[in-house]
Amino acid sequence: MIKSGEPRRLGVPAPKARLLFEAEQRENGGGPGRRLLVVDGEPAFALSFWCGTCQFLFRRLETARQTLSLESVQERLTGTLADPDDGGVIDAFGALLPEGEYLPILLRVEPRLIIPGQEGDYFSNEQVATWGLDPFWGLPEYPHTPYYRSFETAVDASAHLYEFVVPMVPPTWNARERVEEYVELMGRGTVPTAVAVSTLDVCEPASGQPDDHYRHWGLTHFLLDGHHKLEAAATADRPVQLLSLLALGEGLAASEDCARLPALRAQLRSVRATGT
C-alpha cells in the first residue's frame, strides 16, 4: 500500500526545530565537513558525503540518545492511517522539523532487522560489491546501529533503490513489554503506524572497475515515532505502516529522482497484485 500527498512546506525556523540537517564546519575555513542529522542540538547521525561518489552512509554517533515521539498523536498512530493527512499527524511532526519542502508518503513496510556485519547487511554486501572495502581500514562501512531493511527494486538498468528504516536509538533500548504489546496487537490484525523523516541519497563511484558498478539510491527513513512498532513487526513478521516525510532539499538527489519514488513503490504493489 502506498499513498502520496503533494509536496508541502512544513517545519519551523531552525532555532526552534528539534531535528536539523546541518553541515559540519571545518576549523580551517575550507569547504563543508560532514553532513549531519542533529537532534536536540546534538549530532545524531553522519550522512553520505556531499560529493555523491563516496559510499552511501548513515552512521549513528555517540550523542544519538533521543527519540521524538509525540504523546498527542499516540492513540491515532496505534492503528492504520487511511491517508497521510489523517488526524493531523503531518502537522504535529512537521513542528519538530526545520522549514523546508517535504513529500508525505504513506507506506506499508515489512521490516527485517539487520545487525551490521551479519546476514543481510547492505554495507558488507551490496556496497562492497560496488565500492570495495574502505581503502584505509580494509573493512566495510559500519553504521554503528542495527537497522531495518524493507524494500528494494531496480530503478533502471544502471541504478538500484535500497530502502532502510533507521531507529534513533537501538532496539536493545526498547521497553520489552511495549514490544510484546505490539506483537500481540499485530497478531490480531492491527497494522500500527510509525513516522519518519526521510532522505534520498544517490551515490555512484567516480572511477575504477568495481565488480558491480551502478548507482545506489539510498532511501533512509529516520524514525521519529515507532521504535517499538518496528521491532515488533520484525519479530512477528508482520507489516507496519510508515508515514514518511521526505525532506526534498536535504538529500543527495535531484527533485525529479524524489518525484519518482511513489511510482517505484506503486510498481511493486502492481507486481505483487498480479503475481508477475
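Look above for the structure.
Residues numbered from 1 in each chain as written. Predicted model: local features only at pLDDT ≥ 70, side-chain atom pairs only at ≥ 80, totals over all residues. Heavy atoms only, no water.

Caption draft 1: View of unusual backbone geometry. Despite not being glycine, Asp 40 has its phi angle at roughly 50 degrees, a positive value. Looking at where Asp 40 falls in the secondary structure, it is placed in the loop between strand S4 (35–39) and strand S5 (42–47). For Asp 40, a relative accessible area of 37% corresponds to the partly exposed category. Phi is positive for His 144, which is not a glycine, with a value near 60 degrees. (Helix = DSSP H or I, 4+ residues; strand = E, 2+ residues; numbered from the N terminus. Buried < 20%, exposed > 50% of the residue type's maximum accessible area, 1.4 Å probe, protein only.)

Caption draft 2: The arrangement of the sheet that holds S4 in detail. Judged by pairing direction, the sheet is antiparallel, and its four strands sit side by side in the order S3-S4-S5-S6 without closing on themselves. Single-partner strands in this sheet number two, and they are strand S3 (19–23) and strand S6 (58–60). The average undirected angle you get between the axes of adjacent strands in this sheet is 30 degrees. Judged from the three bridges that link them, S5 and S6 form a sheet pairing that is antiparallel. Note that in S6 the partner of Phe 45 across the bridge is Arg 60. (Pairing = 2+ DSSP bridges. Axes fitted to C-alpha atoms, helices over the stretch in contact; angles between N-to-C directions.)

Caption draft 3: The arrangement of the nonpolar core in detail. Among the nonpolar cores identified, the biggest contains 42 residues, and Leu 19, Leu 37, Phe 93, Phe 222 and Leu 224 are the most heavily contacted of them. No other element matches helix H2 (residues 89–94), which puts four residues into this core. Leave out the neighbours within four places in its chain, and Leu 37 touches Leu 19, Leu 20, Phe 21, Glu 42, Pro 43, Ala 44, Phe 45, Leu 47, Met 168 and Phe 222. With 31 residues, the next largest nonpolar core counts Val 109, Val 165, Val 202 and Leu 219 among its residues. (Core = buried A, V, L, I, M, F, W, Y, C linked by side-chain atoms within 4.5 Å. Contact = heavy atoms within 4.5 Å.)

Caption draft 4: View of the packing of helix H4 (residues 176–187) against helix H5 (residues 227–236). Contact geometry of H4 with H5 gives a least axis separation of 8 Å together with a crossing angle of 55 degrees. Comparing their axes, H5 and H4 come out oblique. Where H4 crosses over H5, the two elements pack in a sense that is right-handed. Residues Arg 176, Arg 178, Val 179, Tyr 182, Val 183 and Met 186 of H4 form the contact with H5, whose participating residues are His 228, Lys 229, Glu 231, Ala 232, Ala 233 and Ala 236. Here the residues of the contact of H4 with H5 sort into seven nonpolar, one polar and four charged. (Parallel < 35°, antiparallel > 145°, perpendicular 65-115°, else oblique. Left-handed = near helix turned anticlockwise from the far one by under 90°. Nonpolar A, V, L, I, M, F, W, Y, C, P; charged D, E, K, R; others polar.)

Caption draft 5: Layout of H5. Taking burial as the measure, the ten residues of H5 include seven buried ones, the bulk of the element. Looking only at H5, the buried set comprises His 227, His 228, Lys 229, Leu 230, Glu 231, Ala 232 and Ala 233. Looking one or two places after H5, you find Asp 237, whose phi comes out positive at around 55 degrees.

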